[in-house]
Amino acid sequence: MRTLRLLGMGWYFQFKMISRSAFEGVGQVIWPLFFATVAFFVFRAGDSPRTLLYASLGAAVMGMWSATSTTAGAAMQRERWFGTLELLVATPPHFSLILLPVTLGMATIGLYCMAATLLWGRFLFGIHVSIVHPLLFGLSILGTVISFGALGFLFAVCFVRFRAAWALGNLFEYPVWLIGGFLVPLALFPDWVHPISWALAPTWGMNAIRESALGGSPLDDLALCLGLGVAYVALGVLVTERVLRAARVRGALSLT
Amino acid sequence: MTVAARIFFVGGVTSFRALFYWLTPWIYVPSLLVGPIFQILLFAYIGRSAHLRSDEFYVIGNAIQYAAIPCLFAMSQMIGGERYQGTLSAILVSPAGRIPLFFGRSMPVVVNGAFVAAVALALGCLILDVRLPLSSIAPIALVVLIAAFSCTGLGLINAAISLRLRENAVLTNVIFGFLLIFTGANVPLDSLPGWMSTSAQGMPFTHAIVAARRLADGASLGAVGGLVGAEVLVGLAYGLCGYALLRWFEAQGRRYATLERA
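This text gives an overview of the structure that appears in the document. (Residues numbered from 1 in each chain as written. Chains lettered and ligands numbered in written order. Predicted model: local features only at pLDDT ≥ 70, side-chain atom pairs only at ≥ 80, totals over all residues.)

1. With respect to the overall build of chain A
Across its full length, chain A carries 12 helices and 0 strands. Radius of gyration (C-alpha) of chain A: 18 Å, near the 18 Å computed for a compact globule of 256 residues. Counting contacts in chain A only where the partners sit at least 6 residues apart, residues at least 24 apart contribute 81% of the total. (Helix = DSSP H or I, 4+ residues; strand = E, 2+ residues; numbered from the N terminus. Rg over C-alpha atoms; globule rule 2.2 N^0.38 Å. Contact = placed C-beta atoms within 7 Å.)

2. Digging into the packing of helix H6 (residues 95-125) of chain A against helix H7 (residues 134-158) of chain A
All names here are of chain A. Packing of H6 against H7 leaves a shortest axis separation of 8 Å and a crossing angle of 130°. The angle between H6 and H7 falls in the class oblique. For the pair H6 and H7, the crossing hand works out as right-handed. Across the interface between the two elements, Leu99, Leu100, Thr103, Leu104, Met106, Ala107, Thr108, Gly110 and Leu111 of H6 pack against Val145, Phe148, Gly149, Gly152, Phe153, Ala156 and Val157 of H7. A breakdown of the residues in the contact of H6 with H7 according to their chemical character gives 11 nonpolar, 5 polar and no charged. (Axes fitted to C-alpha atoms, helices over the stretch in contact; angles between N-to-C directions. Parallel < 35°, antiparallel > 145°, perpendicular 65-115°, else oblique. Left-handed = near helix turned anticlockwise from the far one by under 90°. Nonpolar A, V, L, I, M, F, W, Y, C, P; charged D, E, K, R; others polar.)

3. What about the packing of helix H7 (residues 134-161) of chain B against helix H8 (residues 168-182) of chain B?
Two quantities define a packed helix pair, namely the angle between the helix axes and the distance between the axes. All names here are of chain B. H8 packs onto H7 with a crossing angle of 155° between their chain directions and a minimal axis gap of 10 Å. It follows from the interaxial angle that H7 and H8 lie roughly antiparallel. At the point where H7 passes H8, the crossing takes the right-handed sense. Taken together, the residues of H8 that come into contact with H7 (itself represented by Leu154, Asn158 and Ile161) are Leu171, Thr172 and Ile175. A class-by-class count of the residues in the contact of H7 with H8 yields 4 nonpolar, 2 polar and no charged.

4. Concerning the interface of chain B and chain A
The partner chain A presents 33 residues to the 32 residues of chain B that form the contact. Looking at the side of chain B that touches chain A, the elements with two or more residues in it are helix H2 (25-50) and H8 of chain B. Counting residues per element, the side of chain B that touches chain A draws most heavily on H2 of chain B, which supplies 16 residues. Taken together, the residues that form the side of chain B that touches chain A break down as 19 nonpolar, 11 polar and 2 charged.

5. Things to note about the environment of Met107 of chain B
Following the sequence through the fold, Met107 of chain B ends up in helix H6 (residues 98-128). Distance in space between the C-alpha atoms of Met107 of chain B and Gln65 of chain B is 18 Å, their sequence separation being 42 residues.

6. Considerations on the environment of Ala115 of chain A
Relative to the assigned elements, Ala115 of chain A resides in helix H6. Remark: the alpha-carbon pair of Ala115 of chain A and Val145 of chain A, spanning 30 residues in sequence, is separated by 13 Å.

So this is what it looks like as structure tokens:
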């Protein structure tokens, strides 16, 4: 119960902080709209059988990933800049329980991006999003946010030794957009790309959202998305242990 | 004259090295060399998925348009970085001529922007197996350099706004986004609404991208001379506007003591 309370309060405060940041709050919501606009124009001008609704849902999830990837990479570094990293590491709860709500908060900002992109498509491009399974659609979004937060958590702990962690976070924005199947079907990619896509929770989250919106069966995709999210968290906890131990041994926690 | 030349060349290079912190390989390589490759791949595959244009269209468009990142961010660092370091007032109180001061800082940015675009173009062609005629390489390199010059002109305006705006990174991303949509890098200009394709004529990259595509299709440099000239004019216009804005905001900053406050 105490753990859940810690996660909940941590998420709430982090979400409030990020929402008030011009770069992470406003900027991250606007940024994917430009890419969504290009995608809408390209799909409208082309003669693909894929519809603008397909592009709209994909572009909306692109925004969710964008909100996570660019900021999660530097999540621990941000605490270092604030001067709060040592204090947080020294608190009794495991550091993972403190860092995970940070990246979950970032992923939650993605909901703004998603709503903004869908509304953008609706009012500027006339794309009507009709949801066949609203409940499953809501669950798919929730599962996707959680798995994005989990992947962001893994990024945050893996990149902590890099001074320019934010640049690495930025680097992963386009590749996941590309091979996550957001706007491009995986069938168009070479075979060697497919296993990489399957190892990414965003791929399954995107599938679940699309299936629930268009009338398919999203449960398998959602289960895989959440399963991968749990795996990311487990791996992230192990990496956190290792990173913190190394930092303590070397006295390098506050150094970059 | 010697002093002005020293401020222009030495001051420009020193400022670029000191303030454009992306120069460290840990940032430069992922952001400026790898980043554009994935942008090219993303839009090339979206184009394949939508059955719109060839890979060549997206490789050239996105490689040139990506020069906006180094050009816009470096120019905003020219002001934002000085403020962050606490040296902005010292720079602006100095009697140094403003033309060599500001334009000198633009030159390394132009060179770097052209380098980033050229590398993206070369790697994009290699990865997607796009073949450009050998005779088009040198003219395209010239067009890429002019595109970077043109965008750096817009970057000067961005730098001037940095004297008034704290969150310049957001503004820079917004400008990048507009360039992505309007300049025909990914959407053919004739597929955009009329007002958008008309507005694009006054933006950096629009003419350069068309010129580079025509060169890649075998046109001679002379045949795209009008487009290249238009791109130069756009860059000059933005550069002059940016310089005027810088001087105006500098005067305002002195009058209201707001240089360090934005």
